Amino acid sequence: MKMIKPVLGMLGLAVLVAVGNTKLGTVPPMMKFIDPFQGFWQNAEIDSLVGGETLHLRGVSTNSKAVVDERGVPHIFAANEHDLYFLQGYLTARDRLWQMEFQTHAAAGRVSEVVGGKALEFDKEQRRIGMSYAAEKAMKLIERDERSMVILEAYADGVNLFVSELDDKTLPLEYKLLDYKPEPWTPFKSALLLKYMAKMLTGTERDRSNTEALKLLGEDMFWLLYPDQTYLEDPIVPE
């Protein structure tokens, strides 16, 4: 009988550790997430934004650098074009890595790889739209221009340098919440992001469905049910 409590305690601890290191649905592994040395606590630090910081990175000439001012805004001083785009890639990833990657996952219809089945219908729609195909066609044109490829490759190298410096402690918070790691950046991802932005800036892609709905419902009922057709084009200051 004396051994029952210790045994139960050890079993409970084993279950806690096992569950705590397992992703449950969309909930990240809690032991990993709340780890004080590598978990989300580390993302509360803002040391990287302290004004006056100067970055000298491997992969660029000794005369190229980025300086972070007192507001946390980086400024690039590049000795050549390669270094300019390399530093731009590094700094963009430093501030927006998850946004960059998640937008390209969305464009390619790959969000369900990260968040599961809830994004499956979204991914199907994105793949039907065909932005990956459009990005592949764009890359065939870009590859014909040597300067464009040098720029995109330098940018990708800068992004990937930042990615290579990350560990469990320094991963951006979004990766810890979703429990996955960033992929290497490529020129294709830049083309894919360009297509995603182009799609968004067109304002709408519902021309055919709207035409059919208008014929079925009539003009008055259509505009009553679907008033916001070009919300992305609305000015910041309301009419």
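Residues numbered from 1 in each chain as written. Predicted model: local features only at pLDDT ≥ 70, side-chain atom pairs only at ≥ 80, totals over all residues. Heavy atoms only, no water.

**Q** Tell me about the sheet that holds strand 3 (residues 74-77), residues and numbers included.
**A** Spatially, the 3 strands line up as an open sheet ordered 1-2-3, and their pairing is antiparallel. Edge strands, defined here as strands with exactly one partner in the open sheet, are strand 1 (54-55) and strand 3. Packing against the sheet, helix 3 (residues 81-108) makes contact with strand 1, strand 2 (65-68) and strand 3, and its axis sits at approximately 165° to strand 3. (Pairing = 2+ DSSP bridges. Helix = DSSP H or I, 4+ residues; strand = E, 2+ residues; numbered from the N terminus. Contact = heavy atoms within 4.5 Å. Axes fitted to C-alpha atoms, helices over the stretch in contact; angles between N-to-C directions.)

**Q** Can you tell me about helix 6 (residues 131-142), naming the residues and giving the values?
**A** In this model helix 6 runs 16 Å from its N-terminal to its C-terminal C-alpha over 12 residues, within 8% of the 16 Å that 1.5 Å per residue would give. Along helix 6, the positions that sit buried rather than exposed are M131, A135, A138 and M139. The arc that holds every buried residue of helix 6, seen down its axis, measures 105°, which confines them to one face. Exposed side of helix 6, more than 90 degrees from the buried face: Y133, K140 and L141 are the residues found there. Each element contacted by the buried residues of helix 6 is listed here: helix 3, helix 5 (120-129), helix 7 (146-165) and helix 9 (187-201). (Expected span 1.5 Å × (residues − 1). Buried < 20%, exposed > 50% of the residue type's maximum accessible area, 1.4 Å probe, protein only. Arc of directions from axis to C-beta.)

**Q** Account for the pattern of salt bridges, naming residues and giving values.
**A** For the structure on display, the rule yields 8 salt bridges. Notably, a salt bridge pairs K124 with E121, separated by 3.5 Å at the nearest N-O pair. With K124 and E121 both in helix 5, this residue pair falls 3 residues apart, about one helical turn. Given a relative accessible area of 40%, K124 falls into the partly exposed group. A salt bridge links D168 to K181, with the nearest nitrogen and oxygen atoms 3.3 Å apart. Of this pair, D168 sits in the loop between helix 7 and helix 8 (173-178) while K181 sits in the loop between helix 8 and helix 9, and the two are 13 residues apart along the sequence. One network of salt bridges, with partners in common, ties together R110, E113, E183 and K189. (Salt bridge = Lys/Arg side-chain N within 4 Å of Asp/Glu carboxyl O.)

**Q** Give me the pairing of strand 2: which residues, what numbers.
**A** Residues of strand 2 alternate between two faces, with A66 and V68 buried on one and K65 and V67 left unburied on the opposite face. Note that strand 1 and strand 2 share 2 bridges and pair antiparallel. Note that in strand 2 the partner of T54 across the bridge is V67. With 4 bridges connecting them, strand 2 and strand 3 associate as antiparallel partners. Across the sheet, the residue bridging to K65 is F77, located in strand 3.

**Q** Before we move on, could you go through unusual backbone geometry and cite the residues and values that matter?
**A** Phi is positive for D179, which is not a glycine, with a value near 60°. Note on placement: D179 falls in the loop between helix 8 and helix 9. Classification of D179 by relative accessible area gives partly exposed; the value is 25%.

**Q** Would you mind going over the packing of helix 6 against helix 9 in detail, with residue names and values included?
**A** Between helix 6 and helix 9, the least distance of the axes is 8 Å, while the angle of their chain directions is 120°. With respect to helix 9, the axis of helix 6 lies oblique. The way helix 6 lies across helix 9 gives a crossing that is right-handed. In contact with M131, S132, A134, A135, E136, A138 and M139 of helix 6, helix 9 contributes P187, F188, A191, L192, K195, Y196 and K199. Across the contact of helix 6 with helix 9, the residue classes tally to 10 nonpolar, 1 polar and 3 charged. (Parallel < 35°, antiparallel > 145°, perpendicular 65-115°, else oblique. Left-handed = near helix turned anticlockwise from the far one by under 90°. Nonpolar A, V, L, I, M, F, W, Y, C, P; charged D, E, K, R; others polar.)

**Q** Tell me what's going on with the nonpolar core, and back it up with residues and numbers.
**A** L55, L57, Y90, L97, V159, F162 and W185 are the most contacted members of the largest nonpolar core, which totals 28 residues. Mapped onto this core, the elements with two or more residues apiece are helix 3 and helix 7. The greatest single-element share of this core, amounting to 9 residues, is contributed by helix 3. Counting 8 residues, the second-largest nonpolar core is a separate cluster that includes A107, M131, M139 and A191. (Core = buried A, V, L, I, M, F, W, Y, C linked by side-chain atoms within 4.5 Å.)

**Q** Got a sec to walk through helix 7? Specific residues and values, please.
**A** Taking 1.5 Å of rise per residue, 20 residues should cover 28 Å, and helix 7 covers 29 Å from first to last C-alpha, within 8% of that figure. Of the positions making up helix 7, those classed as buried are M149, I151, L152, A154, Y155, A156, G158, V159, L161, F162 and V163. Packed against the buried residues of helix 7 are helix 3, helix 6 and helix 9.

**Q** Kindly report on the packing of aromatic side chains, identifying the contributing residues and their values.
**A** This structure, assessed with the given rule, holds 5 aromatic pairs. Between F222 and W223, the aromatic rings sit 5.2 Å apart at their centres with planes inclined by 85°, giving edge-to-face as the arrangement. Here the aromatic residues F222, W223 and Y226 are joined through ring pairs into a cluster of three or more. (Phe/Tyr/Trp six-rings, centres within 6.5 Å; stacked < 30°, edge-to-face > 60°.)

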